[in-house]
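# Commentary on secondary and tertiary structure
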Amino acid sequence: GQRAILHCVSLYPLPDAAVNLRAIDTLADAFPEAVIGYSDHTVGCEAIVAAAARGARIIEKHFTLDKTQRPGDHILSAEPGELAAAIAMIRRIEAMLGDGVKQPAEGEEAMRPLIRRGVYARADIAAGGTVGEEDLLIVRPVTDMSPAAADKVIGRTARKDVAALSAIRGDDFS
């Protein structure tokens, strides 16, 4: 069978500065064939959520119906609603982690024209006027002229009036 190794610090309750969640990475590197997990003794559920985001595949958290109950580890235990919320966060983070392959997300291509920038007239440019860098504005959305091509119109003469905030077109200049 497959071996599981859980990172655990045996302090009750475990102070944040002693959690050392990076030990999950150390264990994963040292034991690539094992399933790596985390056994938590902190107050709250932040550490188990963070451990899952670091790659822990097994999470152990003390559970109680009443944190105020004494004696025992109830103060560092999770009550039902708290644990349910942490599990929901872990499931959401698992979905967010993805497969690590960098590629456009579904629907991202359709957003490109809206998030890319184009070249616009900062103010009115009169026909016959020479365009300076200060006359140009690079903002969204994309236009026919990319920001990288803006220097192709700097120093050129406007063939016609160009209205403020209108898209700059290279053929409007000579």
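Throughout what follows, the structure given in this document is the object of discussion. (Residues numbered from 1 in each chain as written. Predicted model: local features only at pLDDT ≥ 70, side-chain atom pairs only at ≥ 80, totals over all residues. Heavy atoms only, no water.)

## A closer look at the sheet that holds strand 2 (residues 35-40)
Adjacent strands of a sheet form backbone hydrogen bonds with each other and so pair up, either parallel or antiparallel. As summarised here, the arrangement of the 3 strands in space is 1-2-3, forming an open sheet in which the pairing is parallel. Pairing within the sheet leaves two strands with one partner each, and these edge strands are strand 1 (4-8) and strand 3 (58-61). Sheet twist, expressed as the average angle between the axes of neighbouring strands with direction ignored, equals 25 degrees. Where strand 1 meets strand 2, 5 bridges bridge the pair, whose relative direction is parallel. Residue pairing in the sheet places isoleucine 5 in a bridge with isoleucine 36 of strand 2. (Pairing = 2+ DSSP bridges. Helix = DSSP H or I, 4+ residues; strand = E, 2+ residues; numbered from the N terminus. Axes fitted to C-alpha atoms, helices over the stretch in contact; angles between N-to-C directions.)

## Notes on the environment of arginine 117
One can find arginine 117 in the loop between helix 4 (108-115) and strand 4 (118-121). In the structure, arginine 117 is positioned 26 residues away from threonine 143 in sequence and 7.1 Å away in space, judged by C-alpha atoms. Residue contacts for arginine 117: discarding those within four places in its chain leaves Ile138, Val139, Arg140, Pro141, Val142, Thr143 and Pro147. (Contact = heavy atoms within 4.5 Å.)

## Quick notes on the pattern of salt bridges
A full pass over the atoms with the stated rule returns 9 salt bridges. Taking the shortest distance from any N to any O, the salt bridge between aspartate 172 and lysine 160 comes out at 3.8 Å. Placement of aspartate 172 in the segment after strand 5 (136-139) and of lysine 160 in the segment after strand 5 is noted, with a sequence separation of 12 residues between them. The network of salt bridges with shared partners includes Arg57, Arg91 and Glu94. (Salt bridge = Lys/Arg side-chain N within 4 Å of Asp/Glu carboxyl O.)

## Describing the environment of leucine 76
Mapped onto the elements of the fold, leucine 76 is located in the loop between strand 3 and helix 3 (80-97). Separated by 31 residues in the primary sequence, leucine 76 and cysteine 45 place their C-alpha atoms 9.1 Å from one another. With near-sequence residues (within four places) excluded, leucine 76 lies in contact with Tyr12, Pro13, His41, Thr42, Val43, Lys61 and His62.

## Some thoughts on the nonpolar core
Within the largest apolar cluster, 22 residues are counted, with the highest numbers of intra-cluster contacts made by Leu21, Ile24, Ile36, Tyr38, Ile48, Val49 and Ala51. Among the secondary structure elements, those contributing two or more residues to this core are helix 1 (23-30), strand 2, helix 2 (46-53) and helix 3. Examining the composition of this core, we find that 5 residues originate from one element, helix 2, more than from any other. Judged by nonpolar contacts, the second largest core, of 13 residues, contains Ile125, Ala150, Val162 and Phe173. (Core = buried A, V, L, I, M, F, W, Y, C linked by side-chain atoms within 4.5 Å. Buried < 20%, exposed > 50% of the residue type's maximum accessible area, 1.4 Å probe, protein only.)

## Regarding helix 3
In a regular helix each residue adds 1.5 Å, so 18 residues correspond to 26 Å; helix 3 covers 26 Å between its end C-alpha atoms and thus fits that length. Turning to helix 3, the residues buried within the fold contact helix 2 and strand 3. Just downstream of helix 3 lies glycine 98, where phi reads positive at about 65 degrees. (Expected span 1.5 Å × (residues − 1).)

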